[in-house]
Structure formats: structure tokens, C-alpha cells
Amino acid sequence: MGVTRTPTSLSQGSRTRGGIGESTLRPDGTLKVTGEFAYASDMWHEDMLWGYTLRSPHAHAEIVSVDTSEALAQPGVRAVLTYDDLPTEVKTYGLEVPDTPVLAHGRVRHHGEPVAIIAADHPETARRAAAKIRVEYAELPVVHDEASATAPGAPLLHPNRADDHGRHVPHPNIVHRQPIVRGDAAAAKETADVVVSGEYEVGMQDQAFLGPESGLAVPAEDGGVDLYVATQWLHADLRQIAPVLGLPEDKIRMTLAGVGGAFGGREDLSMQIHSCLLALRTGRPVKIVYNRFESFFGHVHRHPAKLWYEHGATKDGRITHMKCRIVLDGGAYASTSPAVVGNAASLAVGPYAIDDVDIEALALYTNNPPCGAMRGFGAVQACFAYESQMDRLAAELGLDPVEFRRRNAMSQGTFMPTGQRVDSPAPVAEILRRLKAMPLPPERQWESAGRSGTATDVRALPGGLSNTTHGEGVVRGVGYAVGIKNVGFSEGFDDYSTARVRLQVVGGEPVATVHTAMAEVGQGGVTVHAQIARTELGVTQVSIAPADTKVGSAGSTSASRQTYVTGGAIKNACEAVREQVLQIGRARFGTYHPAWNTAELLLEDGKVVTDGGEVLAPLAEVLEDETVEADLEWRHRPTEALDVRTGQGFGHVQYSFAAHRAVVEVDTELGLVKVVELACAQDVGKALNPQSVIGQIQGGTTQGLGLAVMEEIVVSPGAKVCNPSFTDYLIPTILDTPTIPVDILELADEHAPYGLRGVGEAPTLSSTPAVLSAIRQATGLALKRVPVRPEHLTGT
Amino acid sequence: MRVTFQVNGRPYEADDVWEGESLLYVLRERMGLPGSKNACEQGECGSCTVRLDGDPVCACLVAAGQVEGREVVTVEGLADLARERAEGGCGTGACGSRGGGARSTAARGTSVDEARRWEARPAGAESGARTGESAALAPVQQAFIDAGAVQCGFCTPGLLVAADELIERTGQPSDADIREALSGNLCRCTGYEAILDAVRLAAARSTDGGTATDGGTGPGEGTGTGSPAAPAAGTGA
């Protein structure tokens, strides 16, 4: 850990064991290593049925007829539901725009769209019954890119749009368009000594969380339903589910089941409404578990993008201007495309101080798979393009690429293209300097890695155990990249979280209980929540209550926001509890010791102490049998919508910065890449749990590596998904993933709880362009598309 | 059909098994052992790794009928296996079957009531885990917790079974050996660094008779993770 600037207000309870700043272990760790942790797909209930979804084999088709009679007649089949069985007039849902049908009606708009749902006694019975549903389709022409989507006479995905964005887009097949204009890019271009422009492309990445979409809906006696599900935001699910079922929200009781990763892919609904519909229809509990094939159709993906960029620079290495146009493919339904557009536009400039910019970002409606949230959320695509441009500009000017970036790096006080002044540390130059200073890994490690000392260990070479080279044709390259990501929900969204904190004496010990609706998806929120309660309440015993809708919304586990926002809510509720505890103490003991009324008091190690360290009373004696509780919403500072025409506005809560250095070895004859090391430096403001922070950085880095060299959902020109399996959609294995040294800076953001900065997404951004930069250095190729495939390197 | 086999040292009989059912389905849905995970059900991710007569296999690719008369060890049996190994036994099924009472066949999956009981363990239990609750864990399980190798945890059971087999087989595996042995187990959360730390830690502890607890890979100071200058960082695969 390096530079540290910690706010002084951290002293409350700081001597209490297991508080913030320590690498305490996961509270769910033991259950997860013994196999007892109950993931959504592990749920079971007496008399439970299995649900299954029939999906469209076509990307765009009219539904001429649906006949479910044969499927319904199969032994063991309990229900088959189609659009006609939906119970209310609300038949669509969506996170931002309710344009997604619960079940298709009249038309399917993408490959894999749900058409019918089945409940049966055995999952195989349900699958076989689905094959007996007769759906007659009449195929329609598809739109699959910008040209086809905006061509004259192009079929419109949603001809009668009523959403707010529909009024200002240039074409009804454009979900949302956000320009950002600041300064005068055309005039600034006149001062440039070099101008570099290029078109870049990012393939469609999948979140590939390992725990498939799953949940269990249990019908209740009051006509409602209890839903146990893996999601990222219980209350957003609830808001979308209730109107479709025609139930008040309090009759749908949601509990978070164990979540096997998310990465954005669980923001949109998948099986939630379907399982509830089947449970309410059959009167029996219904479990739905997608298999991997279905999972590839069951959630949105990262937007594939085409990005055109132009930069100019002077001979002394100063960037004069930037112009860009970013086209994201949103697929058939809106999902979070409008917010992704806002992010891509507002972060398109990267972590650089450029006064004169002209930016346009938009998302299309097409017949491709719907795209939405994935870790990095619009910033990933832009980062690949602007960082590729930085390398080219540096090369044109004959400057070192790190030095060129440092000359143009933003810092605290820099204005973003939105006109927002960056008002907390922005150590872009510093994280690059640290990376550059790290020692490089030794060359030709395959020679030294052999057990006998001189043998070749093919496992250290491109191609690995395939034994495709012993070092011939292998060239090393080193590349750098840096990125900027926003933290929290932006553009005026009311981004709050709720925490209920209780303090009571159990068995003579003070015990805190923290209840929030935060979705623990693996990130370790439950670990830091307990740490915050220990620090704020000075107790060691903390229980984390299961996340459910009996408590107010915690917002989404996305946008790197939960430690900031739900962590902030817990801190806030703990402060309210602490104040009540001190009031009780003053009333009980104030007359016996003046310090109760005159000193600054802390809760520490289970006691009330003065800031001078004098112990006034154990918490157990202060509380006796009283229970103190606070249930409070907490908000970060507000943001503003971006102006529709100019993109100006205080759009983001906080920015976070990470940089990577990639060292690769490329078998130039076969086009195989081995990433040897992928170092990361990141400012995290304050590492509440250093072990978890490092885990987030290494995990995000690896997903960026996947996008660089292997991960892509291949969609045919006919808009069909070609590789919906882990056989054909590759994610990095432990053999593909290098050592990931991490250097953490802690420069406090005074606006945030404990000065922390959201961690999870920033490392996903710069990882990809750093790897590409290294491959370019090794091969001399331009490489304007990710993922890079062997044929791109060999030209075959 | 009826299938009779041993799971984690206990005899088990499953009736009315459909011919197409996998071992994974029988474990998860008929036996109440959902620890083996269903991440891909096509043999690509390793999350359902179990030992079949000692060999690590993907339970999703084994037809239930193939395990007739054989011995299976799942993540739920790792602690017992480690204990037997420490006592000089075999336990994997690679050297003949073991005794033990019949398991109740009524349990299936995780009931909703059971699922509700998950709560944070208090700090004392966490940090004192090596002396307290660790009695119930295999060394490799404790090492995964200590090294931060668990995030969402969905890959963890399969990795634990594979890593345990590797350490049993090789004692002190090199980093390249670890990467090779675990290359069939996908993890999406961790970037694998903490998993390497965990396996190194488990191997070190097993060599030291289970007493090595601070070999530099404890929480917050993992080798190869904390600092670019850490000596173990550059070994790679």
C-alpha cells in the first residue's frame, strides 16, 4: 500500500477487532467450502415442480399460432402457459423502459426469446413437453447493425415507442443518443501537429457467472407468493414482477438465495416472473434452473460496439482535441442501454484533460441478443478505443506511450467533457508511474521453469500443453493502459440504500444485527458490512440478516456502488444507534461520572470510552435488556441529468481509476498469445477489506483479459447466437491467467464514507487495451478489434 | 432403475432413477448433497468435480448407472476424507470401500428453512477458525477461506475436490503443477491468484502436519498478490 490520506473521523471504534481496514474473512466462507451454502439452484421444497422455458429458434418472426394441447397432455406436466394466460393487462417489463414481453405475443424479436413456460414433475419431463408445443412462425427480415437498422424501410423493433428517449432520437431503431460537446474541437484541430483517427470494434462479451439463473417460487395461503432468487437488486425485481402478477408488492415476499456471481447479468429479470406465474397457476412450488445453454439466452450481454475516434496532438505531446462516435448494439429490448449510452459518452474521453471535444454515443435496437449491464458498463468499450488511440499518438510523436499519457493525464480539478469538475483525487499519472516502475518478469521463463533446470516447460509458452512451440517464433511485448469509471448510479437517479441496524445484549455480550436488502453476489459486501458495524458500534459480534424485501431497498449490486452506498447506509444507521446508546448511558450513569456529559464518547471493544481512553461502562451494562434499533435510508450527493443536446451536467457521483501493464508472449507463427503478467495499480480511496479489494481487482482484470483474447458471443448475420456453451464461449482458465500483481493507492475521497472509492469495475477497463497494446508491440500489427483471434495475428 | 453405491463412506440406494440422469442430478436432487455444482452440465467448468473410486471426474458427465457398486467422494465428504488420511486410512474409494451407517434417503436439496439459517459468523469465530470450527474442515477448505479464494463460491466445491486430490497425489505441487491440475475448473470471480495462494497454503500446512498457519499467505498478505516485489509473484505457469 502506498500513499494514504485517511480522514481523521476514522477513530470511532478503531481499536475494535474485525473493523474496517482489516482483511477479515468472509462470514459465508465456511458454508461455501463445505457445500452447505444454499444457492438459488439448490433450493428444494416438498411437492416442488420444475419449470422450463420454450424459446424462439428465430431472431425475428411473426408467431402465426401456438398449440400447447399435446404438451399439456404429457404425463407429469402440470401447466403450460403462453401470452394468453398472463393474468393482467401488464404484459411487459424492463429496468428503464418496459418493452420486454413476459412471453412473446405476435412476434419474436430475438433468438431465444421466451414464448411459453411449462411446469412438470421432473425437469426432463418439462424439457420434453416443451418440444411438443407447436409454434408456427413466419420469419421476418432482421436488422443486425447500424446500416440495416436505420436503412429506409427498415423494420422497426418497437414501432409505437412511448419512452422519454423516443422523442429525441434520430431514428426509432435508436434507443438513446447522447451528444457531449465542449469547447471547439474543429478549431482546436487546427493547432494539432499530428491527427490520428481510427475505427475500433468490441465483440459481445458474456458475464458468464457460474451459478445459472435460478429460483424457487412458493405460492402462499394469502394468494401471494414467496420467491427465493439469485438477483442483483431485490426491490427492482419486485417493482417489475408485481404489476405482471397483479399482486400488491407486500404479497410478493422476496428473499435472496445464494448468488453464484452476477457481473451485471442479473440486473434484468430472467425466470422471476415465469416461476411465480407457474406457482400461482399450479398452486405448487416451482423451481426454475437454467442450464448453461439457456443461460446464454437468459440474460443480456455486454454491448458490442463500433467506435470511431479522432485525436490531435502537438509536437510537445499535448492532446489538442478529441472527436468520437460510439455505436452500441442494444439488441431487441432496451434493458439498461440508455444508461450505458450515458456512460460511454460521458467517459469517452478517458482519464485525460482535453478541453475541446465532440462526442456522440448511441445504442441501436436490432434483432441481435439484448445487451445491457456488464462490469464496466459502457466504459469498457470506450477505454479500448481511446487507449488504442493513445498508443498511436505516442508512436506518431516518437514519445514513450506512458510519458505521453502522463503529460495529458487528468488530475483533481480537471473538467470532464460534461463540465463536471473532478473534485477528489484523480491520481492517473501516479498509477502509471507506479506500474512503469515495477520490475518486469524474467524473459524465457519456459527455460527456467522446467523441473530439471534446463528443460522446456511448455506450460509457460503460448499454446501451453498443446506443445505447439518450444520458443521458436515467440516474441515478447509490453503494453500499458489506464481507464476511468464512474461509481454509483448517475444522471440524476435517486440512488439510495436502506439499513436496519439493531444492538442488543445476547448472553451477556453486545451483538449488532445488520439487515439490508443488498444482494451479496460474491463481492464480499457481507464481510465489509460486518466490519463497518464493528467499527461504528465497537462490538465484535455482528450478525448479517438474510437479504429480503422486509427491509427497504439497498439499490443494485452494480456500478461499484454497494460498499459506498449500502456501506454508507449501515454507517449512518450505526451512528443513529450509537447516539441512542449514549443517550441511554447518560440517563443511567450521567450523574455518577461527569465525562458522560462533557467528553467525546466512543464505542470501542464493547465499552463506552472517552476519547482519552477512559472506560465509562461496558455496553452490556448500558443496554441491559434494551434493544436499540435504527432503520434509515441514506443517499450519496445528488447528480444531474445530462443535457440532451450538449451533454453538460454534474452527471456522476465519483470516478475511479485503474491502470494495467501487460506482458505477453506471442507465437507469431500460430497466432497464439500467452499473457505472462498483468499488473494493476488502482486508487481505492480506502481499502475497507484489503483482501477483498485485491480479489475484486484480480477478478476484474481477468475478465478484461478474457475480452482481449478469447471471449465473444458470435452472432450470425441472421442474428442467431452461434456459441451458447462453455465449449465454444471461452473464459480464462487458470492456465490462461497470469500472475496479477496489485498496487493499491488509498487517496481518500472526502465525499465518500471512510473516503472509499468503488473498486469492482475500474480494473475491468484498462486490462483489455493493455493486453492489446502488448500484442501490438510484439507483432507490429494494428489490431483494432477485440477479442483478438489467432487469424488476426497470422493473417490467415 | 435402482442404483446402489457409496457416497462419502456411506452406502446409498437410489430408486426410480431415470436412465438419462447424471450422477450430479442424483447427488443434488435425490440425495440432498447439493454441494457439487451445476454451472454448465456439459463437462466444461469442473464445478461438479467429485472423486469416483479416487479419480476426479465431472459428475455431470457420469451417468448414474455407471456408479453402481462404486465409491464417490463429494465436497461434503472432504473433511472426513482429510481426517481419515491423517489417521493413515484411504477414504477415497481408491483402496476399497469403507463402513458407515446408511444415509437417510429422504433429504433432497436444501429446504427453504435450512436456507434461511445463513447468517454472518461473529468475528471471534472467523478469526479463530483455525482452532475452533476448523476441526470440521479439511485443510484445503480452511486454506481457501484464509487465502480469500472464495468469492461467489460456485466454483469452490469442484476446485476443492480437485485441489485436495492434487495435494494428496503430489504433496508439494509447483505453480505449474497447480495450474495444470486445476485447468479444468473455471472460476469467474477471483482471477485465480487467491486460488493458487490457497493451494500453496494447504500444501504447506499438510507438509507441516497441519501446523503451518503463517507462511506468508494468510489473509491480506498473500504471496504474489499484495506487492509487485513479492518474490513469489513472478513464477507464473
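Cut-offs used in this document
- Residues numbered from 1 in each chain as written.
- Chains lettered and ligands numbered in written order.
- Predicted model: local features only at pLDDT ≥ 70, side-chain atom pairs only at ≥ 80, totals over all residues.
- Heavy atoms only, no water.
- Helix = DSSP H or I, 4+ residues; strand = E, 2+ residues; numbered from the N terminus.
- Buried < 20%, exposed > 50% of the residue type's maximum accessible area, 1.4 Å probe, protein only.
- Contact = heavy atoms within 4.5 Å.
- Lys, Arg positive; Asp, Glu negative; His and termini not counted.
- Charge placed at Lys NZ, Arg CZ, Asp CG, Glu CD.
- Buried area = accessible area lost by both parts, 1.4 Å probe.
- Salt bridge = Lys/Arg side-chain N within 4 Å of Asp/Glu carboxyl O.
- Polar contact = N/O pair within 3.5 Å; in protein donor to acceptor, adjacent residues only side chain to side chain.
- pLDDT = per-residue confidence, 0-100.
- Pairing = 2+ DSSP bridges.
- Axes fitted to C-alpha atoms, helices over the stretch in contact; angles between N-to-C directions.
- 1 Å grid on protein atoms, 1.4 Å probe; cavity = no way out; pocket = protein on both sides within 12 Å on 5 of 7 lines; lining within 4 Å.
- Points joined across faces, edges and corners; volume = space filled by probe spheres on them.
- Nonpolar A, V, L, I, M, F, W, Y, C, P; charged D, E, K, R; others polar.
- UniProt positions renumbered as here; feature names shortened; annotations may be inferred.
- Phe/Tyr/Trp six-rings, centres within 6.5 Å; stacked < 30°, edge-to-face > 60°.
- Lys NZ or Arg CZ within 6 Å of the ring centre and 35° of its normal.
- Parallel < 35°, antiparallel > 145°, perpendicular 65-115°, else oblique.
- Left-handed = near helix turned anticlockwise from the far one by under 90°.
- Expected span 1.5 Å × (residues − 1).
- Domains from an automatic or database assignment.

Participant: Break down the overall build of chain A for me, with residues and values.
Facilitator: Looking only at helices and strands, chain A features 20 helices and 33 strands. With the C-alpha coordinates aligned to their principal axes, the bounding extent of chain A is approximately 85 × 75 × 65 Å. Of all 796 residues assigned to chain A, the portion counted as buried reaches 67%. Pairs at least 24 apart in sequence give 79% of the contacts found in chain A among residues at least 6 apart. Distance from the positive charge centre (69 side chains) to the negative charge centre (95 side chains) of chain A: 2 Å.

Participant: Which residues make up the interface of chain A and chain B, and what values do they have?
Facilitator: The interface is formed by 91 residues belonging to chain A together with 81 residues belonging to chain B. Summed over both sides, the interface between chain A and chain B buries roughly 7200 Å², with carbon and sulfur atoms accounting for 57% of that surface. Contact with chain B buries surface across chain A, with Val33, Trp44 and Ile734 of chain A losing the most and accounting together for 12% of the total. Put simply, chain A and chain B have six salt bridges between them. On inspection of chain A and its partner chain B, the count reaches 28 residue pairs in polar contact (both at pLDDT 80 or more). Looking at the side of chain A that touches chain B, the elements that each hand over two or more residues are helix 1 (29–34), strand 2 (43–44), helix 3 (123–130), strand 16 (286–289), helix 14 (525–537), strand 25 (541–544) and helix 18 (690–709) of chain A. Among the elements that line the side of chain A that touches chain B, the one with the most residues is helix 18 of chain A, at eight residues.

Participant: Any chance you could break down the confidence of the model for chain A for me, citing the residues and the numbers?
Facilitator: Taken as a whole, chain A shows an average pLDDT of 96; of its residues, 98% reach a score of 70 or greater. When the criterion is pLDDT under 50, residues 4–8 of chain A qualifies, and its contacts beyond four places in sequence or with other chains add up to seven contacts.

Participant: How would you summarise the pairing of strand 27 (residues 607–610) of chain A if you had to cite specific residues and measurements?
Facilitator: All names here are of chain A. Note that strand 26 (residues 601–604) and strand 27 share four bridges and pair antiparallel. Across the sheet, the residue bridging to leucine 603 is valine 608, located in strand 27. The turn joining strand 26 and strand 27, which pair antiparallel and follow one another in sequence, is formed by two residues; a positive phi near 50° is taken by aspartate 605. As judged from the three bridges shared by strand 27 and strand 28 (residues 615–618), these two strands associate in the antiparallel manner. Bridge pairing links valine 608 to alanine 617 in strand 28. Once strand 27 ends, the chain turns through four residues before running back antiparallel as strand 28, passing glycine 613 with a positive phi of about 100°.

Participant: Hey, could you go over the sheet that holds strand 27 of chain A for me, with residue numbers and the actual values?
Facilitator: All names here are of chain A. Read from one edge to the other, the open sheet built from three strands follows the order 26-27-28, with strand pairing classed as antiparallel. Both edges of this open sheet fall to strand 26 and strand 28, since each of them pairs with a single strand only. On average, adjacent strands in this sheet sit at an angle of 25° to one another, irrespective of strand direction.

Participant: If you had to explain the layout of surface pockets to someone new, which residues and values would you point to?
Facilitator: Residue and element names in this part refer to chain A. Reported here for the second largest pocket is a volume of approximately 710 Å³. At the level of elements, strand 31 (672–683), helix 18 and helix 20 (790–794) are the ones that each hand at least two residues to the lining of the second largest pocket. No other element matches strand 31, which puts four residues into the lining of the second largest pocket. Class assignment of the residues belonging to the lining of the second largest pocket gives a composition of 18 nonpolar, seven polar and five charged.

Participant: Just give me the short version of the UniProt feature "domain: Aldehyde oxidase/xanthine dehydrogenase a/b hammerhead" (unreviewed entry) in chain A, but keep the residues and values in it.
Facilitator: Under the local residue numbering, the UniProt record ascribes the feature "domain: Aldehyde oxidase/xanthine dehydrogenase a/b hammerhead" (unreviewed entry) to residues 34–141 of chain A. From the first C-alpha to the last, residues 34–141 of chain A spans 51 Å; its make-up is 12% helix and 37% strand.

Participant: Describe the packing of aromatic side chains, with residues and values.
Facilitator: All told, the structure shown has 14 aromatic pairs over all chains when counted by the stated rule. Between tryptophan 50 of chain A and tyrosine 25 of chain B the ring centres are 6.3 Å apart and the planes differ by 40°, which places this aromatic pair in the tilted class. Taken together, the residues span two chains, with tryptophan 50 of chain A in strand 3 (residues 49–55) and tyrosine 25 of chain B in helix 1 (residues 23–30). Exposure class is identical for tryptophan 50 of chain A and tyrosine 25 of chain B. Each is buried. Cluster of aromatic residues (ring-pair linked, three or more members): Phe37 and Tyr39 of chain A together with Phe154 of chain B. Over the ring of phenylalanine 209 of chain A we find arginine 266 of chain A; its NZ or CZ atom is 3.9 Å from the centre of that ring. Against the face of tyrosine 200 of chain A rests lysine 784 of chain A, its NZ or CZ located 5.9 Å from the ring centre.

Participant: Lay out the packing of helix 5 (residues 139–146) of chain B against helix 8 (residues 193–207) of chain B with the relevant residues and their values.
Facilitator: Residues and elements named next belong to chain B. It is at 8 Å that the axes of helix 5 and helix 8 come closest, and there the two elements cross at 135°. Considered as vectors, helix 5 and helix 8 are oriented oblique to each other. Relative to helix 8, helix 5 is oriented so that their crossing is right-handed. Here Pro139, Val140, Gln142, Ala143, Phe144 and Asp146 of helix 5 come into contact with helix 8, specifically with Ile195, Ala198, Val199, Leu201, Ala202 and Arg205. Within the contact of helix 5 with helix 8, the residues separate by chemical class into nine nonpolar, one polar and two charged.

Participant: Got a sec to walk through helix 8 of chain B? Specific residues and values, please.
Facilitator: Its 15 residues give helix 8 of chain B an end-to-end C-alpha distance of 21 Å, which sits within 8% of 21 Å, the value for a rise of 1.5 Å per residue. For helix 8 of chain B, the tally of buried residues reaches twelve of 15 residues, placing the bulk of the element in the interior. Among all positions in helix 8 of chain B, only Glu193, Ala194, Ile195, Leu196, Asp197, Ala198, Val199, Arg200, Leu201, Ala202, Ala203 and Arg205 of chain B are buried. Its buried side turned inward, helix 8 of chain B meets helix 18 of chain A together with helix 5, helix 6 (156–170) and helix 7 (175–181) of chain B.

Participant: Summarise the domain arrangement of chain A; cite the residues concerned and give the values.
Facilitator: All names here are of chain A. Along its sequence, chain A is carved into domain 1 (4–26 + 496–635) and domain 2 (40–140 + 212–259 + 266–298). Placing a centre on the C-alpha atoms of domain 1 and another on those of domain 2 gives a separation of 40 Å. Each side of the interface is counted separately: domain 1 has 16 residues, and domain 2 has 13 residues. Each partner contributes to the roughly 1100 Å² buried at the junction of domain 1 and domain 2, and carbon and sulfur atoms together form 59% of this total. Of all residues in domain 1, Val521, Thr549 and Ser556 give up the largest surface area on contact with domain 2, accounting jointly for 39% of the area buried on that side. Between the two partners, domain 1 and domain 2, sit zero salt bridges. The tally of links between domain 1 and domain 2 comes to seven residue pairs in polar contact (both at pLDDT 80 or more). Of the residues in the side of domain 1 that touches domain 2, the class split is seven nonpolar, seven polar and two charged.

Participant: For the domain arrangement of chain B, give the residues involved together with the corresponding values.
Facilitator: Residues and elements named next belong to chain B. According to the domain assignment, chain B consists of domain 1 (3–86) and domain 2 (122–223). Each side of the interface is counted separately: domain 1 has 21 residues, and domain 2 has 20 residues. At the boundary of domain 1 with domain 2, the tally comes to three salt bridges. A salt bridge links glutamate 168 to arginine 85, with the shortest nitrogen-to-oxygen separation between them at 2.5 Å. Those elements that provide at least two residues to the side of domain 1 that touches domain 2 are strand 3 (49–52) and helix 2 (78–86). Classifying every residue of the side of domain 1 that touches domain 2 gives nine nonpolar, seven polar and five charged.

Participant: So what about the pattern of salt bridges? Which residues, and what values?
Facilitator: Under the criterion given, the structure shown has 65 salt bridges over all chains. Between arginine 637 of chain A and aspartate 423 of chain A there is a salt bridge; the shortest N-O distance is 2.7 Å. With arginine 637 of chain A in the loop between strand 29 (628–635) and strand 30 (654–667) and aspartate 423 of chain A in the loop between helix 11 (401–408) and helix 12 (428–437), this pair connects stretches of sequence that are 214 residues apart. Here aspartate 175 of chain B and arginine 200 of chain B are joined by a salt bridge, their closest N and O atoms 2.9 Å apart. Taken together, the residues aspartate 175 of chain B in helix 7 and arginine 200 of chain B in helix 8 connect sequence positions 25 residues apart. In this pair, the class of aspartate 175 of chain B matches that of arginine 200 of chain B, namely buried. The network of salt bridges with common partners includes Glu201, Glu712, Arg785, Arg789 and Glu791 of chain A.

Participant: I'd like a rundown of the environment of tyrosine 309 of chain A, residues and numbers included.
Facilitator: Residues and elements named next belong to chain A. Relative to the assigned elements, tyrosine 309 resides in strand 18 (residues 305–313). Here tyrosine 309 falls in the buried class, since its relative accessible area comes to 0%. A C-alpha to C-alpha distance of 32 Å links tyrosine 309 and proline 724, two positions 415 residues apart in sequence. A distance of 2.7 Å separates the side chain of tyrosine 309 from the backbone oxygen of alanine 348, its partner in a polar contact.

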